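Spelled out, the chains give:
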Amino acid sequence: GEDVEQSLFLSVREGDSSVINCTYTDSSSTYLYWYKQEPGAGLQLLTYIFSNMDMKQDQRLTVLLNKKDKHLSLRIADTQTGDSAIYFCAESMAGNNRKLIWGLGTSLAVNP
Amino acid sequence: KAGVTQTPRYLIKTRGQQVTLSCSPISGHRSVSWYQQTPGQGLQFLFEYFSETQRNKGNFPGRFSGRQFSNSRSEMNVSTLELGDSALYLCASSSGHLNNEQFFGPGTRLTVL
């Protein structure tokens, strides 16, 4: 069945790197996404990776995809207090890119 | 470009009532998707509309329905409200490109008493 799992909480110190992990079950996923949700704000797309890629880097963000293990990670370098938010991993279904399956979100707390 | 707007932002209803939520997508976007977000279940896909037609549907009961107008604005309706329908309802619009970048509105917080 369709399932996306993430750990619920992560706490890091300001300046350290954060790594948020996600596992998914649908091996035919075409795109995998990372979204950020801040309190009172909508979901913001941070980055996405196509399923035939292993890695994508975008400024402080690095996405790693291990398709064999169905494992996705988001690394945030030099984490700042403004990065405190809930991070959601989502996968799109093969043949149906508009239906996203979501993880429950990882709450990232950045301590000064 | 204006972002995705949702109205109302907050709503309180009682069990058995019905509710209609509205979403205006980004100008030029033809795809509108609706999600329900709750602490226990996370984000769950309700349905997607494209050019006034429901194109995808999640696993929600028939009490949840939607429609899309010719200007791409969309409404979702929940009839015979239950306590468990209390949630943040999010709307997302997309241009329909393959990478499916969805832009989310701020949501409507529905509380059912």
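Model, not experiment: these values are computed from the prediction.

Engineer: Can you walk me through the state of the cysteines in this structure?
Structural biologist: Two cysteines, two sulfur atoms, one covalent bond between them: this is a disulfide. Counted under the stated rule, the structure contains two disulfides over all chains. For Cys22(A), the disulfide goes to Cys89(A), at an S-S distance of 1.9 Å. Judged by the torsion about the S-S bond (-60°), the Cys22(A)/Cys89(A) disulfide is left-handed. With a gap of 67 residues between them, Cys22(A) in strand E3 (residues 18–24) and Cys89(A) in strand E9 (residues 85–93) connect regions that are remote in the sequence. Under the relative-accessibility criterion, Cys22(A) is labelled buried at 1%. The disulfide partner of Cys23(B) is Cys91(B), and the S-S distance across this bridge is 1.7 Å. Linking Cys23(B) and Cys91(B), the disulfide has an S-S dihedral of approximately -45° and is accordingly described as left-handed. Remark: Cys91(B) occurs in strand E9 (residues 87–94) and Cys23(B) occurs in strand E3 (residues 19–24); sequence separation between them is 68 residues.

Engineer: Got a minute to help me understand the environment of Gln37(A) in this structure?
Structural biologist: Note on placement: Gln37(A) falls in strand E4 (residues 31–37). For Gln37(A), a relative accessible area of 10% corresponds to the buried category. Through-space distance from the C-alpha of Gln37(A) to that of Tyr87(A) is 6.3 Å; in sequence the pair is 50 residues apart. Aside from chain neighbours lying at most four places away, what touches Gln37(A) is Gly42(A), Leu43(A), Ala85(A), Ile86(A), Phe88(A), Gln37(B), Leu88(B) and Leu90(B). A distance of 3.0 Å separates a polar atom in the side chain of Gln37(A) from a polar atom in the side chain of Gln37(B).

Basis of the calculations
- Residues numbered from 1 in each chain as written.
- Chains lettered and ligands numbered in written order.
- Predicted model: local features only at pLDDT ≥ 70, side-chain atom pairs only at ≥ 80, totals over all residues.
- Heavy atoms only, no water.
- Disulfide = S-S within 2.5 Å.
- Helix = DSSP H or I, 4+ residues; strand = E, 2+ residues; numbered from the N terminus.
- Buried < 20%, exposed > 50% of the residue type's maximum accessible area, 1.4 Å probe, protein only.
- Contact = heavy atoms within 4.5 Å.
- Polar contact = N/O pair within 3.5 Å; in protein donor to acceptor, adjacent residues only side chain to side chain.

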